[in-house]
Amino acid sequence: IDSWFEIEPIWPGEEGAPAVVQAGFDARRVRLTGNVTGEPPFRGTLTHHGWRAAKSRLPALVDSADCAVLTPAEIEL
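This structure is a prediction, so every number in the text was calculated from the model and none was measured.

Parameters and conventions
Residues numbered from 1 in each chain as written. Predicted model: local features only at pLDDT ≥ 70, side-chain atom pairs only at ≥ 80, totals over all residues. Heavy atoms only, no water. Helix = DSSP H or I, 4+ residues; strand = E, 2+ residues; numbered from the N terminus. Rg over C-alpha atoms; globule rule 2.2 N^0.38 Å. Buried < 20%, exposed > 50% of the residue type's maximum accessible area, 1.4 Å probe, protein only. Areas by Shrake-Rupley, 256 points an atom, 1.4 Å probe, with all protein chains shown as cover. Patch = residues over 30% accessible without salt bridge, like charges linked within 9 Å, V, L, I, M, F, W, Y side chains within 5 Å. Salt bridge = Lys/Arg side-chain N within 4 Å of Asp/Glu carboxyl O. Polar contact = N/O pair within 3.5 Å; in protein donor to acceptor, adjacent residues only side chain to side chain. pLDDT = per-residue confidence, 0-100. Contact = heavy atoms within 4.5 Å.

Asker: What am I meant to see in the overall build of the protein here?
Answerer: Along the protein, the regular secondary structure elements total 0 helices and 4 strands. Its helices and strands taken in sequence order, the protein reads β-β-β-β from the N to the C terminus. A globule of 77 residues ought to have a C-alpha radius of gyration of about 11 Å, yet the protein, at 20 Å, is considerably larger. Dimensions of the protein along its principal axes, counting C-alpha atoms only, are 65 × 25 × 25 Å. Per-residue burial for the protein yields a buried fraction of 9% across its 77 residues. Within the structure as shown, the protein displays about 7000 Å² of accessible surface, and the carbon and sulfur contribution to it stands at 54%.

Asker: What am I meant to see in a nonpolar patch on the surface here?
Answerer: Together, Ile 1, Ile 7 and Trp 51 make up an exposed nonpolar region whose accessible area comes to about 370 Å². As for its placement among the helices and strands, Ile 7 is situated in strand β1 (residues 5-9).

Asker: Sorry if this is basic, but what is going on with the pattern of salt bridges here?
Answerer: Pairing between side chains of opposite charge can happen when their charged atoms approach one another. This model, assessed by the stated rule, comprises 4 salt bridges. Across the pair Glu 8 and Arg 52 runs a salt bridge, and its minimum N-O distance is 2.5 Å. Within this pair, whereas Glu 8 is found in strand β1, its partner Arg 52 is found in strand β4 (residues 51-56), the two being separated by 44 residues in sequence. Measuring nitrogen to oxygen at the nearest pair gives 3.1 Å for the salt bridge that ties Arg 28 to Asp 26. Judged by its relative accessible area of 76%, Arg 28 is exposed. The exposure class assigned to Asp 26 is partly exposed, which follows from its relative accessible area of 25%.

Asker: What is the right way to look at the environment of Asp 26 in this model?
Answerer: For Asp 26, the position within the fold is in the loop between β2 (18-21) and β3 (42-45). Of the polar contacts made by the side chain of Asp 26, one reaches the backbone nitrogen of Arg 28; its length is 2.9 Å.

Asker: Please explain the confidence of the model for the protein as it appears in this structure.
Answerer: Detailed reading of the predicted coordinates is not advisable wherever pLDDT falls low. For the protein, per-residue confidence averages 87 on the pLDDT scale, and residues scoring 70 or more make up 95% of the total. Within the protein, no element has a lower average pLDDT than β4, which sits at 90, and none a higher one than β2, at 95.

Asker: What am I meant to see in the side chain of His 49 here?
Answerer: Structurally, the position occupied by His 49 is in the loop between β3 and β4. Here His 49 is in contact with Pro 9, Ile 10, Trp 11, Gly 13 and Glu 15, once residues within four sequence places are set aside.

As structure tokens, then:
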């Protein structure tokens, strides 16, 4: 995986540390759990900093590639 992606945490800091989520946060990157009420800023505890692919170095696909195939069928002869 390291040869194809550079992985980095979404939220900085150590898990278990206090965290403040400001208004306008990206809900695709940050999931609020627990007793979520009211309006931001939300104050809580970082339970998982999440991961994102900062860079990807995937090989270019040729036109004949079928991206839906995860692994081909095998026929032993």
